[in-house]
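# Reading the structure
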Amino acid sequence: MAICSFKASFGVLFYSFVIYFLAFQFCCIDANSTLVVNAANKASARLIPDTFLGVFFEEINHAGAGGLWAELVSNRGFEAGGPNNTLNIFPWLIIGNESSISVSINRSSCFERNKAALQMEVHCGDHKPCPSGGVGISNPGYWGMNIEQGKRYKVVYYVKSEGKFDFQLSFTGVDVIKAASNITHAFGDGGWNRLETILEAKATNHNSSLQITTTTEGSYLLDQVSAMPLDTYMGHGFRNDLFQMVADLKPKILRFPGGTYVEGDYLQNRYQWKNTIGPWEERPGHFDDIWNYWSDDGIGYLEYLQLAEDLGTLPIWVFNAGISYHGEINTSAIAPYVQDALDGIEFARGSPTSKWGSVRAAMGHPRPFDLRYVAVGNEDCGHFNYQGNYLKFHDAIRFAYPDIKIISNCDASTTPLNHSADLFDFHIYTDSKDMFSMSTHFDTTSRSGPKAFVSEYAVVGADAANGSLLAAVAEAAFLIGLEKNSDVVEMVCYAPLFSNINDRTWIPDAIVFGSYQVYGTPSYWVQKLFIESSGATFLDSTLNTTSSNKLTASAIIWQNSTDRKNYLRIKVVNFGTTTESLNISINGLNSNVQQYGSTNTVLTSTNVMDENSFLEPKKVVPQTSSLEKDDKDMNVILSPYSVTSLDLLI
C-alpha cells in the first residue's frame, strides 16, 4: 500500500520497499474504488463502547499451567495420576536404579484435599555408597524449565522423615550442567515440615529440570514441590513476557476461565472455583478432560481476578450452568449451582466482612474486585436444560446484584431471545472467505434487544494453518464489520489467546510461546490495529467500488492518551488477489489534516500463507511509516491481502 504525494520514511523492511515501488507505478491511474468519510454528519457519528476490544483466557494448550502461570514444576502435588494411582508420577523421573531407590504414591499427605504424596525409599548411603550425585527425583516442568543466569527461584517442598537427612536441590540442564544448586541439612521429627530455599542461577539453561537428591539412607515422604521465579509480574505469579504480550493489546475486558474448560467433558471435571482458592498447597487440582491434561490450579479464581486488575481491565466470569459435554443437571436440581455462582460473585466483590469476601481478604486482597459481568455457561444454549437453568441463575443474580450484566449463551444476532439478558454470546470459527463475509453479519441484528458479545472468533482450518496472513486479513475485515455495528456489538475477543509450542491442540492462537520465547501470530498484530477503537468515535463512511467486492473500510476519531492529540484513523482491508487503487475523501472535518505527524501502517506479506515463528517472530507484522499530507483527499494503493491503517493528525 502507498499514498501518492506521501513520503515513506527510511528504515522499513524490504517488502515494504517493494510495496511502495509498486505504488508509484499505480499512483497516477484512476481509482477503481472510492471511500467518502463523512465527518460532518453528527447524527451518524457515535461512540464505540469503551469495552469493545478484550481478551479471552482459557486453560487450553497449556496457556496457564506451563504458560502464563510461572510455576515451573508440573504435577507438584503428585495428584495427576488420579485418586487410585499408586505408581504413576509423570512427569517426575527417578534418579538412580532399583537397588538404590524405589518410589510409590502414598495417600497420607497432611493436606486433606490432596492426599497423594511421594514415598521415596533410599536404599544407599549407610550400608553401601550412593551413586555420585546421589539418588532422588527430577521434574522437567512443562517441556523444560527456563533457568536464567542471575535470576532467583524460590523452591518450596514438604517432607516427612525420621532423623537427620540432606537434600540437594538443583536446576540441571540436558547437558548435566547445574544452573543452580543448594544443599539443605535438616532433622526430621517424624512429622511434616515445610522447607524453603532460594536458588540463584549461575548459568542459563532453557531446558532444565528440578532435581531433589540425597545420599542419606532412609524413608521419606515428599509433597507439594514448587519452584517459582521471584521476578513474576508484580509478584503475582504471572510470567513477565507473556503478561506483557497481553498488556500490549490494552484489553478492556478479560473473559475467563473458558470456554469448554468451564464445562468439562463430564461434570465431575468441570471448573469449580472453590477448589482453586486458598493456599496453593491445599488446592486439589483437577483433570482438564476437555483438553486432556492435569491442572494444579495454581492460577485459580483469585488469580484470574488479579490478572484482570493488573491489566487494568474488567473481568467477565464464565461459570458452569450445570452442563458439560456429556451431562447436565435438571433445572429442578440446579439450586446448588446457583448458590455456587452467588458465592463466587460475593468472593469477587463482597465486603471483606462477608462470608466469601473475608476469604478473599484472607488471601491478601481485602479490596473488592470490579466484577460487572458474568456469563451463564459456555455454548450451552442447545442443551435441553439450559434455558431453564439460565433463568434460575438470572433471577437469583438479578435479585442479589441488580447492577451485574448477565450474558446468555443463546445467539440473538438473527432471532430475538425468548428470555431476558443484558448481552448474548456469539462465537464464530470458520474459513477466511466466510469470515470476510461475516463483516456484515450484524447489519440486520435488532437494536432493541440485548447487546452482542463476540467472545470467540478466529479463522481456522487450512486457511489459518498455524496462524497465517490470510486468516489475519479476513479477521480484520470482520472486526471492521463489528466496528460498524458497535451500536449493537459491545465487546469482542479473539480465541484462543495462548498456545505452548509443545501443546498445539488447538490452532491457530494469538500468542505462541515456549519456555523462554514468545511471538504473536498475524492475528495478534491485527488486534493491535484495533486497540484505539475502544471508546473512539465512529464516523459514517461510504465505500464504492467498480472492480471488486473484496474491500471493506471504516473510520474513527481517537485521542492519543500520551500526547492528547486527535487522529482520524481510516482502516482498509483488501481481501482480493489484485492491487486496488482507492480514492479517499474526507468531508466536513472541523479541523485540517496536519501536514506532519500522520502515519501509514500496513500489514501484508509476499505470501498469503506466511506465518511468524520463533526463527522469524516478525515476518508478518505491521510496518509503520510517516506521512506528509495537507489536504483531505488522497489516493491509496492497496496491496493484495493487506490491512492498511492511516492515522491522520487533525
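Owing to the predicted nature of the structure, the values given are computational and were not obtained by experimental measurement.

## Description of the overall build of the protein chain
A count of helical and extended segments in the protein chain gives 10 helices and 35 strands. For a compact globule of 650 residues, the expected C-alpha radius of gyration is about 26 Å, and the protein chain comes in at 28 Å, within 12% of that figure. Overall, the C-alpha framework of the protein chain stretches about 95 × 60 × 40 Å when taken along its three principal axes. Sorting the 650 residues of the protein chain into buried and exposed places 58% on the buried side. Pairs at least 24 apart in sequence give 76% of the contacts found in the protein chain among residues at least 6 apart.

## Quick look at the nonpolar core
Grouped together as the largest cluster of nonpolar side chains are 117 residues, with contacts concentrated most on Tyr301 and Phe498. For this core, the element with the highest residue contribution is helix H9 (residues 469–484), accounting for 12 residues. Those residues in contact with Tyr301, other than ones at most four positions away along the chain, are Phe256, Tyr271, Trp273, Thr276, Ile277, Trp317, Gly344, Ile345, Phe347, Ala348 and Leu371. Grouped together as the second largest cluster of nonpolar side chains are 38 residues, Phe78, Met145, Phe167 and Ala179 included.

## Re the state of the cysteines
Tallied over the entire structure, the rule returns two disulfides. Here Cys381 engages in a disulfide with Cys410; their sulfurs sit 2.0 Å apart. One disulfide, between Cys381 and Cys410, carries an S-S torsion of 100 degrees and so falls in the right-handed class. Residue Cys381 is found in the loop between strand E20 (373–376) and helix H7 (386–400), and its partner Cys410 is found in the loop between strand E21 (405–408) and strand E22 (423–430); the two are separated by 29 residues along the sequence. Indicated for the protein chain is the disulfide connectivity 1-2, 3-4, based on numbering the bonded cysteines in sequence order. The closest cysteine sulfur to the non-disulfide-bonded Cys493 is located on Cys410, 19 Å from its own sulfur. Given a relative accessible area of 0%, Cys493 falls into the buried group.

## Thoughts on the pattern of salt bridges
Tallying each qualifying case throughout the model produces 27 salt bridges. Between Glu490 and Lys405 there is a salt bridge, and its shortest N-O distance comes to 3.5 Å. One end of the pair, Glu490, is in strand E24 (residues 489–492); the other, Lys405, is in strand E21, and 85 residues separate them in sequence. By relative accessible area, Glu490 is classed as buried at 10%. One network of salt bridges, with partners in common, ties together Arg46, Arg447 and Asp487.

## Quick word on the packing of aromatic side chains
Applying the stated criterion across every chain yields a total of 35 aromatic pairs. On the basis of an interplanar angle of 70 degrees and a centroid distance of 6.0 Å, the ring pair of Phe57 and Phe498 is categorised as edge-to-face. Of this pair, Phe57 sits in the loop between strand E4 (55–56) and strand E5 (93–95) while Phe498 is found in strand E25 (residues 498–500), placing the two residues 441 residues apart along the sequence. Taken individually, Phe57 and Phe498 each receive the classification buried, so the pair is uniform in this respect. Note on Phe165 and Phe167: the rings are 4.8 Å apart at their centroids and 50 degrees apart in plane angle, and the pair reads as tilted. On the basis of relative accessibility, which here comes to 4%, the residue Phe165 falls in the buried class.

## Focus: the packing of helix H5 (residues 335–349) against helix H6 (residues 355–362)
Put simply, H5 and H6 touch, their axes get as near as 7 Å, and they point 45 degrees apart. Our classification of the angle between H5 and H6 gives oblique. Our pair here, H5 against H6, has a crossing hand that is right-handed. Note on element contacts: H6 touches H5 through Lys355, Trp356, Gly357, Val359 and Arg360, opposite Asp343, Glu346, Phe347, Ala348 and Arg349. Taken together, the residues that form the contact of H5 with H6 break down as four nonpolar, one polar and five charged.

## Here's the deal with helix H2 (residues 240–247)
Every buried residue of H2 is accounted for by Leu242, Phe243, Met245 and Val246. Around the axis of H2, the buried residues are gathered within 155 degrees of arc, so they sit on the same side.

## Quick notes on the sheet that holds E4
Across the sheet, which stays open at both edges, the eight strands sit in the order E4-E14-E17-E20-E21-E22-E23-E24 with parallel pairing between neighbours. Every other strand in the sheet has two partners, leaving E4 and E24 as the edge strands with one partner each. With two bridges joining them, E4 and strand E14 (residues 253–256) adopt parallel strand pairing. If you follow Phe56 over to E14, its bridge partner there is Arg255.

## Observations regarding the layout of surface pockets
To find leftover empty space, a probe the size of one water molecule is rolled over the atoms. Taken as a whole, the largest pocket spans an internal volume of roughly 590 Å³. Along the wall of the largest pocket there are 25 residues; nearest its centre are Trp69, Met228, Gly235, His236 and Trp280. Breaking the lining of the largest pocket down by element, the ones donating at least two residues are strand E10 (152–172), strand E13 (218–229) and helix H4 (301–311). The class makeup of the residues in the lining of the largest pocket is nine nonpolar, 10 polar and six charged.

## Focus on the sheet that holds strand E27 (residues 518–520)
In a beta sheet, neighbouring strands are held together by backbone hydrogen bonds and run either parallel or antiparallel to one another. With mixed pairing, three strands are arranged side by side in an open sheet as E25-E26-E27. Two strands bound the open sheet, and with one partner strand each, they are E25 and E27. When the angles between neighbouring strand axes are averaged without regard to direction, this sheet yields 20 degrees. Summarising the sheet, E25 and strand E26 (residues 511–513) pair through three bridges and their orientation is parallel. Pairing of Asn500 across the sheet is with Phe513, part of E26. Against the sheet, H2 contacts E25, E26 and E27, and its axis sits at roughly 15 degrees relative to E27.

Calculation notes
Residues numbered from 1 in each chain as written. Predicted model: local features only at pLDDT ≥ 70, side-chain atom pairs only at ≥ 80, totals over all residues. Heavy atoms only, no water. Helix = DSSP H or I, 4+ residues; strand = E, 2+ residues; numbered from the N terminus. Rg over C-alpha atoms; globule rule 2.2 N^0.38 Å. Buried < 20%, exposed > 50% of the residue type's maximum accessible area, 1.4 Å probe, protein only. Contact = heavy atoms within 4.5 Å. Core = buried A, V, L, I, M, F, W, Y, C linked by side-chain atoms within 4.5 Å. Disulfide = S-S within 2.5 Å. Salt bridge = Lys/Arg side-chain N within 4 Å of Asp/Glu carboxyl O. Phe/Tyr/Trp six-rings, centres within 6.5 Å; stacked < 30°, edge-to-face > 60°. Axes fitted to C-alpha atoms, helices over the stretch in contact; angles between N-to-C directions. Parallel < 35°, antiparallel > 145°, perpendicular 65-115°, else oblique. Left-handed = near helix turned anticlockwise from the far one by under 90°. Nonpolar A, V, L, I, M, F, W, Y, C, P; charged D, E, K, R; others polar. Arc of directions from axis to C-beta. Pairing = 2+ DSSP bridges. 1 Å grid on protein atoms, 1.4 Å probe; cavity = no way out; pocket = protein on both sides within 12 Å on 5 of 7 lines; lining within 4 Å. Points joined across faces, edges and corners; volume = space filled by probe spheres on them.

Fair warning: the whole summary comes from geometry, so function is off the table for now.
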